[in-house]
Amino acid sequence: MRSAEALWRSCHPGPTLVVSVLSLLLGLAAGATPTALALLVGSVFAGQLSIGWSNDAIDAGRDRAVGRTDKPIARGEIGVRTVWIAAVGAVAAALILSALLGPGFLIAHGVFLVSAWSYNVALKRSVLSLAPFLLSFGLFPSLATLATDPARVAPLWAWIAGAALGAAVHLTNVLPDLDDDARTGIRGLPHRIGARASAVAAFAAVAIGALSVLLGGWMLQPAPLAAAVSVVGCVLVLAVAAAGLVRALRAPDRTVFPLVMVSALLLALQLAATSAGL
């Protein structure tokens with residue numbers, strides 16, 4: 001029981017559940033059938049498990065070196081080998097479920113996973129650390145549309161919004177760990193440009209994403225209610241982003257990270273609501 005709990009905590013449960021729920025919302029908005037929706041969410045969930053587990057397994061030595069008490073492997077609650085086995089099993093399950101949704105979905109989700117794993121394996125230490133987030137999250141809205149009949153790729157504005165969401169997540173997710181990362185040689189893009197520039201870029205990204213969804217929604221000629229939802233969502237994202245941007249420019253503090261996360265969540269909800277017109 002303790003091993004199962006430790007394994008769950010090693011998968012980065014917060015992001016795993018958030019991304020899986022977002023796939024559910026986008027799938028519902030795209031009109032996926034119940035069977036396709038179950039396969040979509042199941043494959044995304046398994047894929048996210050593999051990403052989280054591989055990240056913790058790869059970072060085990062670094063986490064021990066900096067005394068990460070929130071990491072089960074670093075605390076000795078579970079072995080690296082066990083987590084690696086779980087990661088490989090999860091990615092295999094993700095690809096099997098993806099194949100059941102057709103070749104288009106399998107290719108798209110395969111690219112998503114290769115991109116995410118490449119960050120864990122190597123790119124988090126390079127100036128290209130942002131690239132996997134742009135690619136994977138840019139692809140993400142297409143997973144929902146490729147799970148429908150007929151399968152189709154999401155429009156450009158949805159790609160832009162997804163990539164903007166990914167950029168915001170990456171640029172702020174590392175902020176609490178900048179010092180620990182520096183001690184162990186992690187030098188991704190946020191580490192190179194600093195906390196303030198990272199926060200500013202993250203808020204700019206969610207603003208760009210919100211405007212992209214708003215313009216894309218208008219091109220769909222939505223019903224009045226859908227149009228109103230898109231406008232309200234955009235206004236909320238921009239309001240939170242503006243407040244966070246002002247604070248980040250003055251002096252980044254502990255409120256910057258939650259403000260980016262709130263604005264990113266609002267962007268995700270705006271994207272899901274607007275995607276109902278795809």
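As shown above, the structure is provided for reference.
Predicted, not measured: the structure shown is a model, and the values here were computed from it.

**A closer look at the overall build of the protein**
Argument step 1. Within the protein one finds 13 helices and zero strands.
Argument step 2. Counted from the first residue to the last, the protein has its helices and strands arranged as α-α-α-α-α-α-α-α-α-α-α-α-α.
Argument step 3. For 278 residues, the compact-globule formula gives about 19 Å, and the C-alpha radius of gyration of the protein, at 19 Å, lands near that figure.
Argument step 4. The principal-axis extents of the C-alpha atoms in the protein amount to approximately 55 × 50 × 30 Å.
Argument step 5. Going through the 278 residues of the protein one by one, you find that 50% of them count as buried.
Argument step 6. Residue pairs at least 24 apart in sequence account for 75% of intrachain contacts in the protein once pairs closer than 6 positions are excluded.
Argument step 7. Accessible area of the protein: about 12,400 Å², with a carbon and sulfur share of 71%.
Argument step 8. The positive charge centre, built from 18 side chains, and the negative charge centre, built from 12, are 3 Å apart in the protein.

**Brief notes about unusual backbone geometry**
Argument step 1. For the peptide bond that leads from Asp149 to Pro150, omega is 5°, which places it in the cis range.
Argument step 2. Tracing the backbone shows Pro150 in the loop between α7 (131-146) and α8 (156-173).

**Some thoughts on the packing of aromatic side chains**
Argument step 1. With the rule as written, the count across this model stands at four aromatic pairs.
Argument step 2. Between the aromatic rings of Trp84 and Trp117, the centroid separation amounts to 6.2 Å while the plane-to-plane angle is 45°, which identifies the pairing as tilted. Here the residue Trp84 occupies a position in helix α5 (residues 80-99), and Trp117 occupies one in helix α6 (residues 103-121), the gap between them amounting to 33 residues.
Argument step 3. Taking the relative accessible area as the measure of exposure, Trp84 reaches 31% and is therefore partly exposed.
Argument step 4. Pairing Phe133 with Phe137 gives two aromatic rings, centres 6.3 Å apart and planes at 5°, and the pair type is stacked. Highlighted residues: Phe133 and Phe137, both in helix α7, separated by four residues, approximately one helical turn. When sorted by exposure, Phe133 lands in the same class as Phe137, which is buried.

Here is what the cut-offs are and how they apply
- Residues numbered from 1 in each chain as written.
- Predicted model: local features only at pLDDT ≥ 70, side-chain atom pairs only at ≥ 80, totals over all residues.
- Heavy atoms only, no water.
- Helix = DSSP H or I, 4+ residues; strand = E, 2+ residues; numbered from the N terminus.
- Rg over C-alpha atoms; globule rule 2.2 N^0.38 Å.
- Buried < 20%, exposed > 50% of the residue type's maximum accessible area, 1.4 Å probe, protein only.
- Contact = heavy atoms within 4.5 Å.
- Areas by Shrake-Rupley, 256 points an atom, 1.4 Å probe, with all protein chains shown as cover.
- Lys, Arg positive; Asp, Glu negative; His and termini not counted.
- Charge placed at Lys NZ, Arg CZ, Asp CG, Glu CD.
- Phe/Tyr/Trp six-rings, centres within 6.5 Å; stacked < 30°, edge-to-face > 60°.

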